[in-house]
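# Chain and residue survey
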Amino acid sequence: MTVLLRNTFRAWIDCVPGAPPKLIMIGDVRVPANGWQARLTRRSPQGINPKILILDVNAQEPSGETRQEITTIPLRYEESPPQDEYGQVMIANGKGEIVVHVGRTH
């Protein structure tokens with residue numbers, strides 16, 4: 001089971017001159033043992049509000065024996081160029097969700 005570490009999630013549009021804008025989303029999840037893998041994927045279909053990007057945390061338990069040791073996994077999602085003028089990103093893991101506002105960097 002993954003736990004979203006709420007205070008670690010950030011989203012922004014990177015607007016570096018000379019490059020197309022890029023949406024970047026980062027954050028961490030906590031898992032119960034070593035060997036887990038997790039990543040952020042774009043939900044399909046998206047919700048009814050096109051200004052809110054919905055991402056799901058897809059986690060895989062390791063096969064075989066593992067040490068029961070709480071582990072933190074960093075997550076990153078990029079979309080270039082962003083498919084809409086997102087104002088928020090919702091991250092869901094099946095047990096809960098969090099919403100973060102999208103900032104901008106220049």
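Data block above holds the structure.
Throughout what follows, the structure given in this document is the object of discussion.

Calculation criteria
Residues numbered from 1 in each chain as written. Predicted model: local features only at pLDDT ≥ 70, side-chain atom pairs only at ≥ 80, totals over all residues. Heavy atoms only, no water. Helix = DSSP H or I, 4+ residues; strand = E, 2+ residues; numbered from the N terminus. Contact = heavy atoms within 4.5 Å. Buried < 20%, exposed > 50% of the residue type's maximum accessible area, 1.4 Å probe, protein only. Pairing = 2+ DSSP bridges. Axes fitted to C-alpha atoms, helices over the stretch in contact; angles between N-to-C directions.

## Here's the deal with the environment of Lys 22
Relative to the elements of secondary structure, Lys 22 occurs in strand β2 (residues 22–31). Between the alpha carbons of Lys 22 and Asp 56 there is a distance of 19 Å; along the sequence they are 34 residues apart. Dropping the residues within four chain positions of it, Lys 22 is found in contact with Trp 12, Ile 13, Asp 14, Glu 78, Glu 79, Ser 80 and Pro 82.

## Examining the environment of Val 3
Structurally, Val 3 is set in strand β1 (residues 3–14). Taking the relative accessible area as the measure of exposure, Val 3 reaches 36% and is therefore partly exposed. The spacing of Val 3 and Gly 87 is 84 residues in sequence and 24 Å in space, taken between C-alpha atoms. Setting aside its immediate chain neighbours within four residues, Val 3 contacts Asp 28, Val 29, Arg 30 and Asn 93.

## So, the sheet that holds strand β3 (residues 37–42)
Pairing in this open sheet of seven strands is mixed, and the strands run β3-β4-β6-β7-β1-β2-β5 from one edge to the other. Strand pairing shows two members of the sheet lacking a second neighbour, β3 and β5 (71–79), which therefore form its edges. Strand-to-strand twist in this sheet, taken as the mean axis angle between neighbours without regard to direction, amounts to 25°. Direction of pairing for β1 relative to β2: antiparallel, over a ladder of eight bridges. Each residue of the ladder has a partner; that of Leu 4, found in β2, is Val 29.

## Quick look at unusual backbone geometry
Put simply, Ser 44 and Pro 45 share a cis peptide bond, and its omega is 0°. With respect to the element layout, Pro 45 can be found in the loop between β3 and β4 (52–60). Note the cis peptide between Ser 80 and Pro 81, where omega equals -10°. Its place among the elements puts Pro 81 in the loop between β5 and β6 (88–92).

## Focus: the side chain of Asp 56
One can find Asp 56 in strand β4. Residue contacts for Asp 56: discarding those within four places in its chain leaves Arg 39, Leu 40, Thr 41, Arg 43 and Ala 92.

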